[in-house]
Amino acid sequence: MKITVKGQEYTCEKISRTKYAKFRDTYQKITKDDPDKMIFTEEDLDDMVEVIVFVYDNAFTVDDINDDLDVPEIMFHFSLINAEVMNKVNLQTDVAKKNSILMDSLN
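None of these values were measured; they are calculated from a predicted model.

About the criteria used
For every chain, the first residue of its written sequence is number 1, and the numbers climb from 1 along that sequence. Where local features are concerned, this predicted model is filtered to residues with pLDDT of at least 70; where side-chain atom pairs are given and counted, the filter is 80 or more; whole-chain, interface and lining totals use all residues. Hydrogens and water are ignored here; the side-chain numbers use all heavy atoms of the structure. Runs of E in the DSSP output that reach at least two residues are strands. Runs of H or I that reach at least four are helices, and both are numbered from the N terminus. As defined in this context, the radius of gyration uses C-alpha atoms, and a globule is described by 2.2 Å times the residue total to the power 0.38. The buried label goes to any residue with under 20% of its type's maximum accessible area, the exposed label to any with over 50%, and the partly exposed label to all in between, with areas taken from a 1.4 Å probe on protein chains only. Accessible surface is estimated by sampling points in the Shrake-Rupley manner with a 1.4 Å probe; for residues, cover comes only from the protein chains shown. By the counting scheme adopted, Arg and Lys are positive, Glu and Asp are negative, and His together with the chain ends is not counted. Positions of charges follow a simple convention, taking NZ of Lys, CZ of Arg, CG of Asp or CD of Glu. The span one expects for a helix is its residue count, reduced by one, times 1.5 Å. By construction, the arc corresponds to the directions joining the helix axis to the C-beta atoms. A cavity here means a set of points on a 1 Å grid, drawn over the protein atoms and nothing else, where a 1.4 Å probe fits but cannot get out; a pocket is an open set with protein on both sides within 12 Å along at least five of seven lines, and a residue lines either one if it has an atom within 4 Å of a point. Grid points are joined across faces, edges and corners, and a volume is the space filled by probe spheres set on the points. Between any two strands, pairing holds if DSSP finds at least two bridges. For Phe, Tyr and Trp, rings pair up if their centres lie within 6.5 Å, where Trp contributes its six-membered ring, and each pair is then called stacked (planes under 30 degrees apart), edge-to-face (over 60) or tilted (otherwise).

A. Looking closely at the overall build of the protein. Looking only at helices and strands, one finds four helices and two strands in the protein. In terms of C-alpha radius of gyration, the protein reaches 17 Å, well past the compact-globule figure of 13 Å for 107 residues. Oriented by its inertia axes, the alpha-carbon framework of the protein measures out at about 60 × 35 × 25 Å. Expressed as a percentage of the 107 residues in the protein, the buried residues total 26%. Accessible surface for the protein amounts to roughly 7,400 Å². Of this, 52% is attributable to carbon and sulfur atoms. Side chains of the protein carry 13 positive and 22 negative charges; the gap between the two charge centres is 8 Å.

Structure (structure tokens):
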């Protein structure tokens, strides 16, 4: 997963349980009243930015994000965290299925 902040590209190779927990808790807080929520408060956006900074191991600051990314980019990168997790799960599932098919064909 990648993000560009102030012209510098950063990569997050691994989303640890701690990082995912912070994302999950923030996501649940933001959407607690409405899972399909599309309008966010300043507090919601601040929380999203804090999660993004945390997931990228504080390689940049909250101010860097607020100065450089617009609201759609903040929302996109926050949502990308969960999408990245689900993508990796799907890839691992596909590999497991292929390995299972391969093993079945060898038997």
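B. Highlighting helix α1 (residues 17-31). In a regular helix each residue adds 1.5 Å, so 15 residues correspond to 21 Å; α1 covers 21 Å between its end C-alpha atoms and thus fits that length. Every buried residue of α1 is accounted for by K19, F23, T26, I30 and T31. The arc enclosing the buried residues of α1, seen along the axis, measures out at 115 degrees, which places them on a common side. Those residues of α1 that are exposed and aimed more than 90 degrees away from the buried face are R17 and T18.

C. Local environment of the layout of surface pockets. Taken as a whole, the largest pocket spans an internal volume of roughly 210 Å³. Elements supplying a minimum of two residues to the lining of the largest pocket: α1 and α4 (71-106).

D. Spotlight on unusual backbone geometry. Positive phi outside glycine occurs at K6, with the angle close to 50 degrees. With respect to the helices and strands, K6 occurs in the loop between β1 (2-5) and β2 (8-11). Even without a glycine there, the phi angle at N58 is positive, about 55 degrees. Its location among the elements puts N58 in the loop between α2 (42-55) and α3 (62-68).

E. The arrangement of the environment of D25 in detail. For D25, the location among the structural elements is in helix α1. It is 9.8 Å that separates the C-alpha atoms of D25 and V51, two residues lying 26 residues apart in sequence.

F. Molecular detail of the pairing of β1. Burial along β1 is one-sided: the face carrying I3 and V5 is buried and the face carrying K2 and T4 is not. By the bridge criterion, four bridges tie β1 to β2 in an arrangement that is antiparallel. Looking at β2, one finds that V5 is bridged to Q8. Linking β1 to β2, which pair antiparallel, is a turn of two residues; within it K6 sits at a positive phi near 50 degrees.

G. Geometry of the packing of aromatic side chains. Within this structure, the stated rule accounts for five aromatic pairs. Measuring from centroid to centroid gives 4.9 Å for F23 and F78, while their planes differ by 45 degrees, and the two rings are tilted. Here F23, found in helix α1, pairs with F78, found in helix α4; they are 55 residues apart in sequence, far enough to count as distant. Looking at F23, the relative accessible area reads 3%, which means it is buried.

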